[in-house]
Amino acid sequence: MAPKIQKVATIKDVAAKAQAGKTSISRYLNGELHLLSDNMRQRIEAAIQELNYRPNQMARSLKHGRTGLIGLIIADIGNPFSVEVLKGVESESIKQGFMTVVCNANNSIELECQFIQLLKGYRVDGLIINSAGVNAQFIDVLKQTTLPFVLLDRKIEDFPCDMVGLDNPASAEMAFNHLIEQGFEAICFVTEPIEYNSARKERLQTFQRLLNQQGQVKGEFHQITLPDPAQLDSIVANFCASHRGMRKAIVAANGVLTLQLAYVMNQQGLRWGADIGFLSFDNLEWAAFAGQGITSVSQPTAEMGHKAVECLLEKLENPEKAPTQYLFHGELVVRNSTTL
């Protein structure tokens, strides 16, 4: 015998059960309780509970012009930074009465472009985009979309748009000055490719500029596409051999590289804080406990996620609002890895 399918209650059923008109039910659902008597509110509430009535959110969104959905496109859900940003966006969205639709681009700009177009079809109210990278295709898609959007941790030159992120030049300069103050004589800066990533580019360019100005400290710069443990192993080994006897430090441009470099140095028997200095952008949860602790540039990721939601909602309320950049200050968390 086939199982009995339970009928889904409609607004008409609620009206009949509460002995009220559909207009009164609509007022109740829309929060216009001041227009209803106490007795009416109680009857409607009891009917909704008894019938287990759930409003059709899509139908309501078509009527009111809002879905209450925010599209969140993140570059890489495996990146600790992306995870923390996701938490911040979701918590602030819920606080503001919205829900997030999360899309993981898996470091593919092409997939991000598809998500932007797809989310428009799902009638999200706006987008928050932590892009894997910014190229011509990505910019074209942004120009064509009618959805309000906020970029998170990415900048686009000569393309005004709302953006929330870290003040990377200031944060990189803070990290560089710390290494100089600790007496390091050679610095190796390792990053993933910078071509389409403004955050990595600003960090790398700041270290290059400051090393050129300083003049006495030796510098190496490497771009690497992960995963490539053999290349990382070679970079670390050659850096140590080329600067034997000098106070030297390795800088990881983000959290993903920090983990990879920590593994390689461990395999080579290097102890950061004793044999070599080690500094990371992104303050990973385990950084305080690994070895003697890893000095890190901490980003206020949760606050950045909150601000991105606030910025998007401001854009929804005022579409003519001029684009704004909100840059947060990083915090240098000093641990034993740079205090040789």
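Residues numbered from 1 in each chain as written. Predicted model: local features only at pLDDT ≥ 70, side-chain atom pairs only at ≥ 80, totals over all residues. Heavy atoms only, no water.

Trainee: Would you mind showing me how to read the packing of aromatic side chains here?
Mentor: Aromatic rings in a pair are described by how distant their centres are and how their planes are angled relative to each other. In the structure shown here, the tally under the stated rule is 3 aromatic pairs. Between Phe176 and Phe207, the aromatic rings sit 5.7 Å apart at their centres with planes inclined by 85°, giving edge-to-face as the arrangement. Placement of Phe176 in helix H8 (residues 168-181) and of Phe207 in helix H9 (residues 198-214) is noted, with a sequence separation of 31 residues between them. As far as burial versus exposure is concerned, Phe176 and Phe207 are alike and both buried. A network of ring pairs unites the aromatic residues Phe176, Phe189 and Phe207 as a single cluster. Between Arg247 and the ring centre of Phe184, over which it is positioned, the NZ or CZ distance is 5.2 Å. (Phe/Tyr/Trp six-rings, centres within 6.5 Å; stacked < 30°, edge-to-face > 60°. Helix = DSSP H or I, 4+ residues; strand = E, 2+ residues; numbered from the N terminus. Buried < 20%, exposed > 50% of the residue type's maximum accessible area, 1.4 Å probe, protein only. Lys NZ or Arg CZ within 6 Å of the ring centre and 35° of its normal.)

Trainee: I would appreciate a short explanation of the environment of Met40 in the present structure.
Mentor: Counting through the fold element by element, Met40 comes out in helix H3 (residues 38-51). Assessed through its relative accessible area of 16%, Met40 is described here as buried. Beyond its immediate chain neighbours, meaning those up to four positions away, Met40 contacts Ala20 and Ser24. (Contact = heavy atoms within 4.5 Å.)

Trainee: Hey, could you run me through unusual backbone geometry in this one?
Mentor: Outside of glycine, negative phi angles account for most residues, and trans bonds account for most peptide bonds. Omega for the peptide link from Leu226 to Pro227 comes to -5°, which places this bond in the cis form. At Asn52, a residue that is not glycine, the phi angle is positive and equals roughly 55°. Following the sequence through the fold, Asn52 ends up in the loop between H3 and helix H4 (57-64). You can call Asn52 partly exposed: its relative accessible area is 46%.

Trainee: Would you explain the sheet that holds strand E6 (residues 186-191) in this entry?
Mentor: Strand pairing in a sheet relies on backbone hydrogen bonds. The paired strands run either parallel or antiparallel. What the 6 strands build is an open sheet, ordered E7-E6-E8-E9-E10-E12; its pairing is mixed. Every interior strand has two partners, whereas the edge strands, strand E7 (218-223) and strand E12 (331-333), have only one. Direction aside, neighbouring strands of the sheet carry axes that sit 15° apart on average. Summarising the sheet, E6 and strand E8 (residues 248-252) pair through 5 bridges and their orientation is parallel. Bridging across to E8, Ile187 finds its partner in Ala249. Contacting E6, E8, strand E9 (277-281), strand E10 (295-298) and E12, H8 crosses the sheet at an angle of about 170° to E9. (Pairing = 2+ DSSP bridges. Axes fitted to C-alpha atoms, helices over the stretch in contact; angles between N-to-C directions.)

Trainee: Help me understand the environment of Thr338 in this model?
Mentor: Structurally, Thr338 can be placed in the segment after E12. Accessibility expressed as a relative area gives 0% for Thr338, which makes it buried. For the pair Thr338 and Phe184, spaced 154 residues apart in the sequence, the C-alpha separation amounts to 8.8 Å. Sequence-distant contacts of Thr338, defined by excluding residues within four places in its chain, comprise His178, Leu179, Gln182, Phe184, Phe278, Leu279 and Thr295.

Trainee: How should helix H1 (residues 11-18) be read in this particular structure?
Mentor: An α-helical turn contains 3.6 residues, so a residue and the one three or four places further along point in the same direction. All of the buried residues in H1 are Val14, Ala15 and Ala18. Around the axis of H1, the buried residues are gathered within 100° of arc, so they sit on the same side. Every exposed residue of H1 that faces more than 90 degrees away from the buried side is listed here: Lys12 and Ala16. Phi turns positive, to about 55°, at Gln19, one or two residues after H1. (Arc of directions from axis to C-beta.)

Trainee: Can you walk me through the sheet that holds strand E1 (residues 69-74) in this structure?
Mentor: Read across the open sheet, the 6 strands follow the order E2-E1-E3-E4-E5-E11; overall the sheet is parallel. The strands lining the two open edges of the sheet, one partner per strand, are strand E2 (99-104) and strand E11 (325-328). Ignoring which end each strand starts from, the neighbouring axes of this sheet average 15° apart. Sheet topology places strand E4 (residues 149-152) next to strand E5 (residues 163-166); 2 bridges connect them, and they run parallel. Across the sheet, residue Leu151 finds its bridge partner in E5, namely Met163.

Trainee: How do you make sense of the layout of surface pockets when you look at a structure like this?
Mentor: A probe as big as a water molecule, rolled over the atoms, marks out the empty space that is left. In this structure, the largest pocket encloses a volume near 540 Å³. Contributing to the lining of the largest pocket are 29 residues, with Asn107, Ala132, Glu192, Asn197 and Arg200 lying nearest its centre. Among the secondary structure elements, those contributing two or more residues to the lining of the largest pocket are helix H5 (80-95) and H9. The dominant element in the lining of the largest pocket, judged by the number of residues it contributes, is H9, at 3 residues. Of the residues that constitute the lining of the largest pocket, the class distribution is 11 nonpolar, 10 polar and 8 charged. (1 Å grid on protein atoms, 1.4 Å probe; cavity = no way out; pocket = protein on both sides within 12 Å on 5 of 7 lines; lining within 4 Å. Points joined across faces, edges and corners; volume = space filled by probe spheres on them. Nonpolar A, V, L, I, M, F, W, Y, C, P; charged D, E, K, R; others polar.)

Trainee: It is not clear to me how the packing of helix H6 (residues 109-121) against helix H7 (residues 136-144) should be interpreted in this structure. Could you clarify?
Mentor: To describe two helices that pack against each other, one gives the angle between their axes and the distance between the axes. At a minimum axis separation of 9 Å, H6 and H7 run at an interaxial angle of 10°. By the angle class used here, H6 and H7 are roughly parallel. Touching Ile109, Glu110, Glu112, Cys113, Ile116 and Gln117 of H6 are Gln137, Phe138, Val141 and Leu142, all from H7. (Parallel < 35°, antiparallel > 145°, perpendicular 65-115°, else oblique.)

Trainee: How should I be thinking about the side chain of Ser93 in this particular structure?
Mentor: Take Ser93: it is sitting in helix H5. Once residues lying within four places of it in the same chain are set aside, the contact partners of Ser93 are Ile70, Phe98, Thr100 and Val309.

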